[in-house]
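Structure at a glance
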Amino acid sequence: GGGSNAFTLDHVGPLRLWRGTSASIARDVPFSCLYWALFERLKACIAARHYAGHGTAPKPSLRPDTSMVVAAAAAAVAAVPTTPMDVIKTRMQVLDAAAPTTSVSSVGHGLYRSGGVRNLFLGVLPRVSKVAPSCAIVMGVYETCKAQCERWRGREHGVRDAV
């Protein structure tokens, strides 16, 4: 076969395709923790403002457009501190196919030694520019589908306006 994946499979085996998985996990778990904590906190703050003086909503709900803005903000913030692991993951994935497997810490140390903290944040703006709209789209679609499902099944406890 042709292409870089064929070279990888033919010469170093299919396990090479998993290079960087540990760095991906080390990036994605903290990102998700930060993202969801920020998203829920921002959502609660917006709902509290909306419902101030009008009673409280048992479970704040956001309109899809509001949800998209909140998701983009939460993702942009969560993407910054997790960028070093994204840089390490990418570096691990693009290493020469014949290079020995290297650890997250050895790649991280090498990046730091060669350019300091700045090297660990290479590409932070493109990362934020990709992650924020991606999360916004996901949450917008989710909230739209959720609202449609609620309309289809009817509301058991009365109509509740989304913020």
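Residues numbered from 1 in each chain as written. Predicted model: local features only at pLDDT ≥ 70, side-chain atom pairs only at ≥ 80, totals over all residues. Heavy atoms only, no water.

Once that is clear, we can look at a nonpolar patch on the surface. On the surface, Val80, Tyr112, Val117 and Phe121 cluster together into a nonpolar patch covering about 340 Å² of accessible area. Considering the arrangement of structural elements, one finds Phe121 in the loop between helix 5 (104-120) and helix 6 (124-153). (Patch = residues over 30% accessible without salt bridge, like charges linked within 9 Å, V, L, I, M, F, W, Y side chains within 5 Å. Areas by Shrake-Rupley, 256 points an atom, 1.4 Å probe, with all protein chains shown as cover. Salt bridge = Lys/Arg side-chain N within 4 Å of Asp/Glu carboxyl O. Helix = DSSP H or I, 4+ residues; strand = E, 2+ residues; numbered from the N terminus.)

What follows deals with helix 6. Look at helix 6: 43 Å from first C-alpha to last across 30 residues, which is about the 44 Å you get at 1.5 Å a residue. Every buried residue of helix 6 is accounted for by Arg127, Val128, Val131, Ala132, Cys135, Ala136, Met139, Gly140, Glu143, Ala147 and Glu150. The elements touched by buried residues of helix 6 are helix 2 (21-51), helix 3 (64-79) and helix 4 (83-94). Remark: Gly154 follows helix 6 within two positions and exhibits a positive phi of approximately 80°. (Expected span 1.5 Å × (residues − 1). Buried < 20%, exposed > 50% of the residue type's maximum accessible area, 1.4 Å probe, protein only. Contact = heavy atoms within 4.5 Å.)

Turning our attention to the environment of Thr102. With respect to the helices and strands, the residue Thr102 is situated in the loop between helix 4 and helix 5. Distance from Thr102 to Arg19, taken between C-alpha atoms, is 8.7 Å for residues 83 residues apart in sequence. Not counting residues within four places of it along the chain, the set of residues in contact with Thr102 comprises Met92, Leu95 and Val107.

Bringing the packing of helix 3 against helix 6 into the picture now. At a minimum axis separation of 7 Å, helix 3 and helix 6 run at an interaxial angle of 150°. The way helix 3 lies across helix 6 gives a crossing that is right-handed. Side by side, helix 3 and helix 6 meet where Pro64, Ser67, Met68, Ala71, Ala72, Ala75, Ala76 and Ala79 of the first sit next to Arg127, Val128, Val131, Ala132, Cys135, Ala136, Ile137, Met139, Gly140, Glu143 and Thr144 of the second. Of the residues that constitute the contact of helix 3 with helix 6, the class distribution is 14 nonpolar, three polar and two charged. (Axes fitted to C-alpha atoms, helices over the stretch in contact; angles between N-to-C directions. Left-handed = near helix turned anticlockwise from the far one by under 90°. Nonpolar A, V, L, I, M, F, W, Y, C, P; charged D, E, K, R; others polar.)

Next up on the list: the packing of aromatic side chains. The tally for this structure, following the rule as stated, stands at four aromatic pairs. Of the aromatic side chains, those joined through ring pairs into one cluster are Phe31, Tyr35, Trp36 and Phe39. (Phe/Tyr/Trp six-rings, centres within 6.5 Å; stacked < 30°, edge-to-face > 60°.)

So, about the environment of Val77. Relative to the elements of secondary structure, Val77 occurs in helix 3. Val77 sits 54 residues away from Val131 along the chain, and the two C-alpha atoms are 10.0 Å apart.

To continue, consider the state of the cysteines. Here the structure, examined in full by the defined rule, presents zero disulfides. A disulfide-free cysteine, Cys149 has its sulfur positioned 6.7 Å from the sulfur of Cys145, the nearest such atom. Overall, the relative accessible area of 42% leaves Cys149 in the partly exposed class. (Disulfide = S-S within 2.5 Å.)

Tallied over the entire structure, the rule returns six salt bridges. Measuring nitrogen to oxygen at the nearest pair gives 3.8 Å for the salt bridge that ties Lys89 to Asp86. Here Lys89 pairs with Asp86, and both are found in helix 4, just three residues apart, close to one helical turn. Pair check on accessibility: Lys89 and Asp86 agree, each one buried. Each of Arg27, Asp28, Asp86, Lys89 and Arg127 takes part in salt bridges that share partners, so that together they form one network.

The values are spatial; any link to function lies outside them.
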